[in-house]
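Descriptive analysis of the structure
This is what each chain is made of:
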Amino acid sequence: MSYYFAIIGTQDNPIFEYEFGTSKQGGDGIARFPEQARHMNQFIVHSSLDIVEEVQWGGGQMYLKCIDRFYNNYVSCFITGGNVKFLLLHAPSQPAVANTTRASTSIAANPTSPQIEEAIKQFFTEVYENWVKTIMSPFYQVNMEVKSPVFRARVAAAGKKYL
């Protein structure tokens, strides 16, 4: 499965972006988005912001689960207390042989399965803990782009650990 993670600020501006692939089930951690569709990741994530704003006031939850779908891409969301949005675009990997029914029933082929949802929730929770530590810096200003290599490495480690 391929992932595109973005943190969107309170003014709907991108603060952080990171693209990675699964490290589970023999994955190498490299995103496998089709080259002709890779530029669409930002568009898909930002187009789901309207849905996030509709859903966020309904339940009072920070983790909103899978909120949007665009063809074979799913968008999951986590909202912080400061209205910063963590959005994760995930696309299941395409099976090499299309005639096998076994590939379609695997957990990795179903991005809305409870196991995948729980893994995404744990990923968001760990990133949120690191996010809080990052914004506690006296040098950080609200809606400022995060360029910290330490934060990037911790997001990568969380992705490798859970996804």
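All chains use their own residue numbering, which begins from 1 and follows the written sequence. Local features in this predicted model are restricted to residues whose pLDDT is 70 or higher, and side-chain atom pairs enter the listing and the counts only when it is 80 or higher, whereas totals over whole chains, interfaces and linings include all residues. Water and hydrogen atoms play no part in the side-chain values, which are based on all heavy atoms of the structure.

**Considerations on the pattern of salt bridges**
Criterion for a salt bridge: a side-chain nitrogen of Lys or Arg within 4 Å of a carboxyl oxygen of Asp or Glu. One pass over the full model with this rule turns up 1 salt bridge. Residues Glu-126 and Lys-161 are paired through a salt bridge, measuring 3.6 Å at the closest nitrogen-oxygen approach. You can see Glu-126 sitting in helix H3 (residues 114-135) and its partner Lys-161 sitting in helix H4 (residues 149-162), a full 35 residues away along the chain. Helix and strand assignments follow DSSP, with helices taken as H or I runs no shorter than four residues and strands as E runs no shorter than two, numbered in order from the N terminus.

**Overview of the sheet that holds strand E5 (residues 85-91)**
Spatially, 5 strands are ordered E2-E1-E5-E4-E3 in an open sheet, and the strand pairing comes out antiparallel. In this open sheet, the two edge strands, each paired with only one partner strand, are strand E2 (14-21) and strand E3 (63-70). Recorded for the sheet is a direction-independent mean angle of 20 degrees between the axes of neighbouring strands. Sheet topology note: the E3/strand E4 (residues 73-79) ladder contains 6 bridges and is antiparallel. By the bridge assignment for E4, Cys-66 is matched with Ser-76. We call two residues in contact whenever any of their non-hydrogen atoms come within 4.5 Å of each other. Axis definition: a line fitted to C-alpha atoms, limited for helices to the stretch in contact. Angles are taken between N-to-C directions and run from 0 to 180 degrees. The strands touched by helix H1 (residues 40-47) within the sheet are strand E1 (2-8), E2, E3, E4 and E5, with E1 carrying the most contacts at an inclination of about 55 degrees. Should DSSP find at least two bridges between two strands, the strands are regarded as paired.

**Here we look at the side chain of Asn-41**
Secondary-structure assignment places Asn-41 in helix H1. Any N or O atom pair separated by 3.5 Å or less is treated as a polar contact, with the protein-specific requirement of one donor-capable and one acceptor-capable atom, and with residues adjacent in sequence counted only for side-chain atom pairs. Within the structure, the side chain of Asn-41 is placed 3.3 Å from the side chain of Glu-19, a separation counted as a polar contact.

**Brief notes about unusual backbone geometry**
Backbone geometry at Lys-65 places phi at a positive 60 degrees, although glycine is not the residue there. Relative to the assigned elements, Lys-65 resides in strand E3. Relative accessible area serves as the criterion here: at 49%, Lys-65 is assigned to the partly exposed category. Classification of residues uses two cut-offs on accessible area relative to the type maximum, computed with a 1.4 Å probe and protein chains only: under 20% is buried, over 50% is exposed, and between them is partly exposed.

**Side note on the environment of Val-155**
Structurally, the position occupied by Val-155 is in helix H4. A residue is classified by how much of its surface remains accessible, and Val-155, at 1% relative accessible area, is buried. Val-155 sits 31 residues away from Phe-124 along the chain, and the two C-alpha atoms are 9.3 Å apart. If we ignore the near neighbours within four places in the chain, the residues touching Val-155 are Phe-5, Phe-16, Tyr-18, Phe-123 and Val-127.

**Let's talk about a nonpolar patch on the surface**
Patch rule: a residue counts if its relative accessible area is over 30% and it has no salt bridge; like charges are joined within 9 Å, and nonpolar side chains (Val, Leu, Ile, Met, Phe, Trp, Tyr) within 5 Å. For accessible areas, the Shrake-Rupley method is used with a probe of radius 1.4 Å. Any residue's cover is judged against the shown protein chains and nothing else. There is a patch of nonpolar side chains on the surface, built from Val-132, Ile-135 and Met-136 and spanning about 260 Å² of accessible area. Counting through the fold element by element, Met-136 comes out in the loop between H3 and H4. By relative accessible area, Met-136 is classed as exposed at 65%.

**Let's talk about the nonpolar core**
To qualify as a nonpolar core, a set must consist of buried Ala, Val, Leu, Ile, Met, Phe, Trp, Tyr and Cys residues joined through side-chain atoms within 4.5 Å. Counting 27 residues, the largest nonpolar core has Phe-5 and Phe-123 as its most contacted members. Take this core: its biggest share by element is 7 residues, from H3. Excluding its chain neighbours within four sequence positions, the residues that come into contact with Phe-123 are Phe-5, Phe-20, Leu-88, Val-155, Ala-158, Gly-159, Tyr-162 and Leu-163. Within the second largest apolar cluster, 14 residues are counted, among which are Ile-44, Cys-77, Ile-79 and Leu-87.

**A word on the pairing of E1**
Burial within E1 is extensive, with 7 of its 7 residues counted as buried. Burial along E1 is two-sided: Ser-2, Tyr-4, Ala-6 and Ile-8 facing one way and Tyr-3, Phe-5 and Ile-7 facing the other are all buried. Relative to E2, E1 is paired through 7 bridges, and the arrangement is antiparallel. Among the inter-strand pairings, Ile-7 is bridged to a residue of E2, identified as Phe-16. As defined by bridge partners, E1 adjoins E5 across 7 bridges and the pair is classed as antiparallel. Bridging from a neighbouring strand, Ser-2 pairs with Ala-91 of E5.

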